[in-house]
Protein chains: 2
Amino acid sequence: MTHAVVLFGHGSRDPAWRQPMDAVARRIVARQPEVQVACAFLELQEPSLPAALDELVARGVRSVRVVPMFLGAGRHAREDLPVLLNQIRSRHPGLALEVTEAVGEQPEVLDLLAQLALRTLR
Amino acid sequence: MTHAVVLFGHGSRDPAWRQPMDAVARRIVARQPEVQVACAFLELQEPSLPAALDELVARGVRSVRVVPMFLGAGRHAREDLPVLLNQIRSRHPGLALEVTEAVGEQPEVLDLLAQLALRTLR
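Residues numbered from 1 in each chain as written. Chains lettered and ligands numbered in written order. Predicted model: local features only at pLDDT ≥ 70, side-chain atom pairs only at ≥ 80, totals over all residues. Heavy atoms only, no water.

Some thoughts on the interface of chain B and chain A
Part 1: Counting residues at the interface gives 44 residues for chain B and 44 residues for chain A.
Part 2: Buried area between chain B and chain A, summed over both chains or domains, comes out near 4200 Å², and the portion from carbon and sulfur atoms is 63%.
Part 3: Connecting chain B to chain A are 6 salt bridges.
Part 4: For A:Glu108, the salt bridge identified is with B:Arg119, shortest N-O distance 2.4 Å.
Part 5: Linking chain B to chain A there are 14 residue pairs in polar contact (both at pLDDT 80 or more). (Contact = heavy atoms within 4.5 Å. Buried area = accessible area lost by both parts, 1.4 Å probe. Salt bridge = Lys/Arg side-chain N within 4 Å of Asp/Glu carboxyl O. Polar contact = N/O pair within 3.5 Å; in protein donor to acceptor, adjacent residues only side chain to side chain.)

Quick look at the sheet that holds strand S2 (residues 36–41) of chain B
Residues and elements named next belong to chain B.
Part 1: Across the sheet, which stays open at both edges, the 4 strands sit in the order S2-S1-S3-S4 with parallel pairing between neighbours. With partners counted over all chains shown, the strands left at the sheet margins are S2 and strand S4 (96–99), one partner each. This sheet shows a mean twist of 20° between the axes of neighbouring strands, independent of strand direction.
Part 2: Judged from the 4 bridges that link them, strand S3 (residues 63–68) and S4 form a sheet pairing that is parallel. Paired with Arg-65 across the strands is Glu-98, a residue of S4.
Part 3: Most of the contacts of helix H1 (residues 19–31) go to S2, to which it runs at about 165°, and overall it touches strand S1 (3–9) and S2. (Pairing = 2+ DSSP bridges. Helix = DSSP H or I, 4+ residues; strand = E, 2+ residues; numbered from the N terminus. Axes fitted to C-alpha atoms, helices over the stretch in contact; angles between N-to-C directions.)

In structure tokens form, the structure reads like this:
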């Protein structure tokens, strides 16, 4: 089965905004080259999440993990994302679709941010 | 010298949005109880960054590290934040004010996000 990871972020009018997402995508490929990786955006940037999933399915992907790249626990991850996932599930009923917690809700991320905030504090 | 860490996030109309920032703040206090910690917001939530700094300085803080809690490398961290920092520096000329890279530009964060995105991928 061909797996993919999709990093799903808010999007911005600023083209530089996506650089950290691209940097995470490159690190995923470096760690596990057989996994396909794509970035997708809620608004202001392309592709949308459904468009990214269409593209992956067309390339033979049958299993996708979506990682919501949101630091805040807001409506985007809680309300907008489920609507998009329902669209995707009805378009690709055979697709194994998994969604992780938003990165801002993953305890390891919170721990690391606290640790880095204190790094070499004088 | 009394130190403080200020977690500076975008802000949202959704009150739940700040939960991950509060969770990081709690972890900082747990690790280093003598450090004061505050959250501040660019928009849509209070306090603003200058208001948070006024408050800390009034409480005797003389050294502040600001941590931009932005995952995207956008104009908020690059353009809006420096304007606020200039305001703060002119209001509190004796304050030692340090700003870290935005969390989305810290290599350890990018590494962890890549690692977590691949966790137990089937």
